[in-house]
Amino acid sequence: MDVRSIEAKAPRIEHEGTTIVWWMYDALEAFDQTTGGHLELVSEFEVAGGGAVHPHAHPTHEYYYVLSGRGIMTIAGETREVGPGDLVSIPPDAVHSLAPVTEHAPIRCLAFAVGLPGAGVIDYSSDGDRNGAPAPQSPSAALRGARYRSIRDVAPALAHQGSVSVWWLVAPGELAAETSGGHLELANEFEVAGGGAVHMHAHPTYEFYYGLSGRGIMTIDGEDRELAPGDLVLIPPDAPHSIRPVSEHAPIRCFCFAVGLAGSGAYDYAHDHAAVG
C-alpha cells in the first residue's frame, strides 16, 4: 500500500527561504502511470464515527489526504492505519474502503482523482457499492468555472448509507475536457512564513491550492483574493500567481497538487520562471 507521510518527508526550503515544502509526489514522479488521463474530481469528505466508505473501486488513480482524525484504510485486501499528513494512493480498479478507528470520532480527508486514458466520466450514482446514494452535485452556477471554491459555499451530499458527508469542489468530470490527456504532475504540502511569499511565477499546469490553516492573499493574473482553510483555488495553466500570509506574524499552510497539460514535457520547479503579474 502506497501511503506517504509528511512525517517521513524532509522539508525543502524554497522561494527565498520563506516557504517550506513537503514533496509527497515529486514533479513528474507519477507521469508514467497517470499520463493521458484527466482530472476526475476534487472533494473533501468526512466519515462519521461508526460509519465507513464501503468497499468499492473506480477506474481512476485516486488520492486521499488525511486532514484530521485517524482511520483504517484497506486497499486490495491490505489494511493500514492512516492519520493526518498521510497521502494514500489508490490504484485504478483496486477495491478500497475507509473507516474511522473509533465509533466516537470521524476522519476527514481531501480527495482528488485522475481518470484513465479514454475513460469516460464515472457515474457515481450508479456505483453499486454506494447503496443508491444520490449523484454528486456540481458547485452552484456562481461557482462553476470560478477560480475560488469553498466548502462553506457547497452543501454536503450524503453517501455510503448516510455515514459520509462529501463536499464536491470539482464535480466528477467537470474539468475533464480541459485536462484531458494530462497527468498528475505533483503533490505537496507547503507553509509560507509570516512576512514571506511564494513569489510570482507561472507554469504549464492546472494547479490547485487547498487552504489547511492560516489565511493568505492569493494573486492570480493581478487579482487579489483572501484564502482561508477549506478554500480551493484553481490556477489555470501559465497564469502568473503568488500567495502570501495576511500577516507578517503568522504563516499560511496549504496542500497543493497539479495536473500537467497533454504533451507537456518535464518542468524544472527549481527554476520557476519569473512572471509579470
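What you see is a predicted model; the values in this text were computed from it and never measured.

Asker: Would you explain the overall build of the chain in this entry?
Answerer: Secondary structure assignment for the chain yields 2 helices and 22 strands. A total of 277 residues make up the chain; the buried ones form 52% of that total. Long-range pairs, those at least 24 residues apart, make up 76% of the contacts in the chain with a sequence separation of at least 6. Split by element, the accessible area of the chain, about 11100 Å² in all, is 51% carbon and sulfur.

Asker: Explanation requested: the packing of aromatic side chains in the structure shown.
Answerer: For any pair of aromatic rings, geometry is given as the distance between the ring centres together with the angle between the planes. Throughout the structure, instances matching the rule amount to 8 aromatic pairs. Taking the centre distance of 4.0 Å and the plane angle of 5° together, the rings of F112 and F257 count as stacked. Of this pair, F112 sits in strand β11 (residues 107–115) while F257 sits in strand β22 (residues 252–260), and the two are 145 residues apart along the sequence. Between the aromatic rings of F190 and Y209, the centroid separation amounts to 5.1 Å while the plane-to-plane angle is 65°, which identifies the pairing as edge-to-face. You can see F190 sitting in strand β15 (residues 183–192) and its partner Y209 sitting in strand β17 (residues 205–213), a full 19 residues away along the chain. Each member of the pair, F190 as well as Y209, is classed as buried. Here a set of aromatic residues connected by ring pairs shows up, and it is made of Y25, Y63, Y65, F112, F208, F255 and F257. The ring of Y25 has R4 sitting right over it, with the charged end atom 3.8 Å from the ring centre.

Asker: Looking at this model, I keep getting lost on the environment of R147. Mind explaining?
Answerer: Note that R147 resides in the loop between β11 and β12 (148–150). Expressed as a C-alpha distance, the spacing of R147 and V233, which sit 86 residues apart in the sequence, is 5.5 Å. Excluding its chain neighbours within four sequence positions, the residues that come into contact with R147 are I220, D221, L232, V233, L234 and P236. Polar contacts involving the side chain of R147 include one to the side chain of D221, which spans 3.0 Å.

Rules used throughout
- Residues numbered from 1 in each chain as written.
- Predicted model: local features only at pLDDT ≥ 70, side-chain atom pairs only at ≥ 80, totals over all residues.
- Heavy atoms only, no water.
- Helix = DSSP H or I, 4+ residues; strand = E, 2+ residues; numbered from the N terminus.
- Buried < 20%, exposed > 50% of the residue type's maximum accessible area, 1.4 Å probe, protein only.
- Contact = heavy atoms within 4.5 Å.
- Areas by Shrake-Rupley, 256 points an atom, 1.4 Å probe, with all protein chains shown as cover.
- Phe/Tyr/Trp six-rings, centres within 6.5 Å; stacked < 30°, edge-to-face > 60°.
- Lys NZ or Arg CZ within 6 Å of the ring centre and 35° of its normal.
- Polar contact = N/O pair within 3.5 Å; in protein donor to acceptor, adjacent residues only side chain to side chain.

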